[in-house]
Amino acid sequence: MEPLTPVSRQVTYDAIETAAGDAGLIIMGAQHPRVSEAKELNGGTLILLGAGQEFWPTLQKSPEWQDRTANPVDRWSDRVVSSLANRFGATVHFPFGGPPYTPFIDWALKSGRAFLSPVGAMVHDTVGMMISYRGALHFPQEFDIPVTTVSSPCDGCPAPCTTACPVGALNAETFYKLDTCHAYLDTDDGHPCMTNGCAARLACPVSVAFNRDPAQTAHHMKAFHPS
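Computed from a predicted model, the values in this text were never measured in an experiment. (Residues numbered from 1 in each chain as written. Predicted model: local features only at pLDDT ≥ 70, side-chain atom pairs only at ≥ 80, totals over all residues. Heavy atoms only, no water.)

Caption draft 1: Spotlight on the overall build of the chain. Secondary structure assignment for the chain yields 11 helices and eight strands. Seen along its three principal axes, the alpha-carbon backbone of the chain occupies a region of about 55 × 40 × 35 Å. In the chain, which comprises 227 residues, the proportion classed as buried is 44%. Long-range pairs, those at least 24 residues apart, make up 67% of the contacts in the chain between residues at least 6 apart in sequence. Put simply, the chain shows about 11,600 Å² of open surface, and 54% of that area lies on carbon and sulfur atoms. Of note, the chain has its 15 positive side-chain charges centred 3 Å away from the centre of its 22 negative side-chain charges. (Helix = DSSP H or I, 4+ residues; strand = E, 2+ residues; numbered from the N terminus. Buried < 20%, exposed > 50% of the residue type's maximum accessible area, 1.4 Å probe, protein only. Contact = heavy atoms within 4.5 Å. Areas by Shrake-Rupley, 256 points an atom, 1.4 Å probe, with all protein chains shown as cover. Lys, Arg positive; Asp, Glu negative; His and termini not counted. Charge placed at Lys NZ, Arg CZ, Asp CG, Glu CD.)

Right under this line is the structure:
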């Protein structure tokens, strides 16, 4: 992707959304930290960026993917989100690279578009439980952002996520048994989870509607559970 050309510091939500979309990202939440009381931030406007439908094909064409070295997703995110920050005059933050880690979970929940699911994992209003935040832009100024009126997609949902995991690693009582999950993924029976993705996350109706590319999910599973 060609470097972004600096533009005016007169920033609007629509301009950021368009530029993010051109780069293969979507806005997954926006807030004024003065109002939301987002951790570690004072004032301004915070925009959360994540992987949408165009992220995976965009990544695969990138130098970070094609050089076949480690951490292509994080390296791509660093370059692309940093470029957007430079273009619009924002401070850039990432959910990776710690410790210490940026409080992305707090920021996501306070955006009004991410919620805690019955199994404890976050669920987003448009991508479901297939969440992949790639970075955030924090602007010193407050500017207009959409009013968030969505409710949790879990409201009224029969919660298939609570029973989908073959070994109960994600459940409504103990939430996440990490050791149980990893042990299962080491078995032949765990192969479908490695290639198709976490059964509990995929059971979410919003995840199903989002229809993420299975190859993208398999890549994230391999990063989560290296062979």
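Caption draft 2: Spatial organisation of the packing of aromatic side chains. Under the criterion given, the structure shown has six aromatic pairs. Look at Phe104 and Trp107: their rings are 5.3 Å apart centre to centre, the planes differ by 45°, and that puts the pair in the tilted class. Here Phe104 pairs with Trp107, and both are found in helix 6 (residues 104-110), just three residues apart, close to one helical turn. When sorted by exposure, Phe104 lands in the same class as Trp107, which is buried. Residues Phe104 and Tyr133 carry aromatic rings whose centres are separated by 6.1 Å and whose planes lie at 55° to one another, so their mutual orientation is tilted. Here Tyr133 lies in strand 6 (residues 133-139) and Phe104 lies in helix 6, a separation of 29 residues in the sequence. Like Tyr133, Phe104 is buried. An aromatic cluster is present here, built from Phe104, Trp107 and Tyr133 joined pairwise through their rings. (Phe/Tyr/Trp six-rings, centres within 6.5 Å; stacked < 30°, edge-to-face > 60°.)

Caption draft 3: Examining the pairing of strand 6 more closely. Strand 6 sits mainly inside the fold: seven of its seven residues count as buried. Here strand 2 (residues 45-51) runs beside strand 6; their pairing, made up of six bridges, is antiparallel. If you follow Gly50 over to strand 6, its bridge partner there is Tyr133. In the sheet, strand 3 (residues 91-93) pairs with strand 6 via three bridges, with the strands oriented antiparallel. Residue His93 lies in a different strand from strand 6, and its bridge partner there is Ala136. (Pairing = 2+ DSSP bridges.)

Caption draft 4: Here's a closer look at the environment of Ala51. Mapped onto the fold, Ala51 is located in strand 2. Among the residues examined, Ala51 registers a relative accessible area of 4% and is labelled buried. Considering only alpha carbons, one finds Ala51 and Pro153, 102 residues apart in sequence, at a separation of 19 Å.

Caption draft 5: Fine view of the layout of surface pockets. For the largest pocket, the calculated volume is near 1,400 Å³. Residue lining of the largest pocket: 43 residues in total, with Ile131, Ser132, Arg201, His220 and Phe224 positioned closest to the centre. When residues of the lining of the largest pocket are traced back to their parent elements, those giving at least two are helix 5 (72-88), helix 6, strand 6, helix 7 (178-185), helix 9 (199-203) and helix 11 (214-224). By residue number, the principal contributor to the lining of the largest pocket is helix 11, which donates seven residues. (1 Å grid on protein atoms, 1.4 Å probe; cavity = no way out; pocket = protein on both sides within 12 Å on 5 of 7 lines; lining within 4 Å. Points joined across faces, edges and corners; volume = space filled by probe spheres on them.)

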